[in-house]
Amino acid sequence: MALADHLRELRNRVVKSVLAIVLITIVALIYHKQIETFLLKPLPQCNTPEEQLHYHGKCAQVSNIGLTSGFTWMLQVALTAGVVGAVPVWLWQVWAFVAPGLHKHEKKYTVIFMAFGAPLFLAGVAVAFLVLPTTIEVLVSFTPDKTTPILPPNDYFDIATRMVLVFGLAFEFPLLLVMMNMIGMVTGKRLLGWWRGMIMAITVFAAFATPSADPLSMLALAAPIWALYFFAVGIALMNDRRRRRNNPDAELDDEEASQVDLSVQPVAGAETVEASATPAAGVAPVPSARREQMDDIT
C-alpha cells in the first residue's frame, strides 16, 4: 500500500474507535447517576449509627466545590466509562490496522496477548475495587479528630482511577514474561532462578503503587502477582520442554556449540552411474568390465 492508503486506513480505524467511545459515553451520560452511586459506594459514609460506630465517626463527606464541578464530574465519569466500555472495539481496530504487516507467527503471538491480556486486566480491576474501600478507609482515618474530611468527587475519582490502572497493568506482567519466553528472549529455568528478586521487586512495587500505607492493600496487589509469576514460570518451563523435543539445540546461546553426533553410521554400497555420453574420438575406450561409480568421481 502507498503512504496515502495507509493514512486513509488509519483514519478509518480511528473514526470507528471514536464513534464507539462516543456511543458508549452517551449511554453512560443517561445512566450517570447509577454509575456515580457505584463509584462512590466504597467511601465510608456514616448514613446509619452502625456505620458511624464502625468508622469511629471518621466518615467522608462528598462535596462538589464550585458551580461547574458537578457537570465536570459527570462528564469525567461518562467519558471514562466510554473508553473502558469500548475497549473491545478500539483494541480490534488497532489489531486490524497492524495485522496485515505481521508474519504468521507474529500474528499468533499478538492474538494470544490480546486474548489473555483483557481478562487479566479486568481481573486486576476487580481486585482494585475489592481493595478500594479499605484503602479509602485507611486514608480517611488519618483525618485529625473533631474534623470532617470533605472529599471532592474528582479527587476521589483520581485515586480510584490510579488504583484501577496500576492493578490492571500489574496483572499484565506475567503475560509479558510468557511472551518473552515464547520469542526466545528468556528461558523458564532463568525465570525460576529470579524468584527471590521477583518477589522482592513485586513487594516493593506494591508498597509504592498502593495509595494507602496499610499492609492489606499491599498484599492484595502483591499476592496475586506472586501467584501469576509462578504460573507464568510453569508455562515457560513447559514451553521449553516442548521446544527441546522439537529441537535439542533450541536453548543454546549464539556463541555456544551444539553437541556433535560422533556415532558411526553404516554406509550404503556404491551406486552404479551410467556414462552421460559416449567417449570422444581418440580417447581410449572404457573397459567393458569397468563401471563408473561414485568413488571414481572423488
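All of these numbers come straight from a predicted model, not from anything done at the bench.

**Student:** Lay out the overall build of the protein with the relevant residues and their values.
**Tutor:** Across its full length, the protein carries 12 helices and 2 strands. Across the protein, helices and strands are ordered from the amino to the carboxyl terminus as α-α-α-β-α-α-α-β-α-α-α-α-α-α. Out of the 298 residues belonging to the protein, those deemed buried represent 28%. Put simply, 74% of the contacts in the protein that link residues at least 6 apart link residues at least 24 apart. A total accessible area of about 20100 Å² is found for the protein, and carbon and sulfur atoms account for 66% of it.

**Student:** Help me get a handle on the environment of L237, residues and values and all.
**Tutor:** Positionally, L237 belongs in helix α11 (residues 215–246). On a C-alpha basis, the gap between L237 and K189 in space is 6.7 Å, while along the polypeptide they are 48 residues apart.

**Student:** Tell me what's going on with the nonpolar core, and back it up with residues and numbers.
**Tutor:** Core analysis: the largest hydrophobic core is formed by 39 residues, its most contacted members being F167, F171 and L221. At the level of elements, α2 (32–40), α4 (69–85), α6 (104–141), α7 (153–170), α8 (173–182), α10 (195–209) and α11 are the ones that each hand at least two residues to this core.

**Student:** Break down the environment of A170 for me, citing the residues and quoting the values.
**Tutor:** One can find A170 in helix α7. A C-alpha to C-alpha distance of 9.2 Å links A170 and A222, two positions 52 residues apart in sequence. Excluding its chain neighbours within four sequence positions, the residues that come into contact with A170 are F205, L221 and I225.

**Student:** Talk me through the confidence of the model for the protein; I want residue IDs and the actual numbers.
**Tutor:** The predicted model of the protein has a mean per-residue pLDDT of 78, with 79% of residues at 70 or higher. Per-element averaging of pLDDT across the protein places helix α12 (residues 294–297) at the bottom with 51 and helix α1 (residues 3–30) at the top with 90.

**Student:** For the pattern of salt bridges, give the residues involved together with the corresponding values.
**Tutor:** Enumeration according to the criterion identifies 2 salt bridges in this entry. R8 is the salt-bridge partner of D5, the closest N and O atoms lying 2.8 Å from each other. Remark: R8 and D5 occur in helix α1; sequence separation between them is 3 residues, near one turn of the helix. Accessibility expressed as a relative area gives 42% for R8, which makes it partly exposed. For E9, the salt bridge is made with R13, and the minimal N-O distance between the two is 2.8 Å. With a gap of 4 residues between them, E9 and R13 both fall in helix α1, about one helical turn apart.

**Student:** Can you tell me about α4, naming the residues and giving the values?
**Tutor:** Between its terminal C-alpha atoms α4 stretches 24 Å, which fits the 24 Å expected from 17 residues at 1.5 Å a residue. All of the buried residues along α4 are S69, W73, M74, V77, A78 and G82. Residues of α4 that are buried sit in contact with α1, α2 and α7.

**Student:** An account of the layout of surface pockets is needed here, citing residue identities and associated values.
**Tutor:** The volume enclosed by the largest pocket comes to roughly 960 Å³. Surrounding the largest pocket, 32 residues form its lining, V84, V87, W90, F121 and L122 being those nearest its centre. Where the lining of the largest pocket is concerned, the elements lending two or more residues are α2, α4, α5 (87–98), α6 and α7. Looking at the lining of the largest pocket element by element, the count peaks at 9 residues for α6. Residue classes in the lining of the largest pocket are distributed as 27 nonpolar, 4 polar and 1 charged.

Parameters and conventions
Residues numbered from 1 in each chain as written. Predicted model: local features only at pLDDT ≥ 70, side-chain atom pairs only at ≥ 80, totals over all residues. Heavy atoms only, no water. Helix = DSSP H or I, 4+ residues; strand = E, 2+ residues; numbered from the N terminus. Buried < 20%, exposed > 50% of the residue type's maximum accessible area, 1.4 Å probe, protein only. Contact = heavy atoms within 4.5 Å. Areas by Shrake-Rupley, 256 points an atom, 1.4 Å probe, with all protein chains shown as cover. Core = buried A, V, L, I, M, F, W, Y, C linked by side-chain atoms within 4.5 Å. pLDDT = per-residue confidence, 0-100. Salt bridge = Lys/Arg side-chain N within 4 Å of Asp/Glu carboxyl O. Expected span 1.5 Å × (residues − 1). 1 Å grid on protein atoms, 1.4 Å probe; cavity = no way out; pocket = protein on both sides within 12 Å on 5 of 7 lines; lining within 4 Å. Points joined across faces, edges and corners; volume = space filled by probe spheres on them. Nonpolar A, V, L, I, M, F, W, Y, C, P; charged D, E, K, R; others polar.

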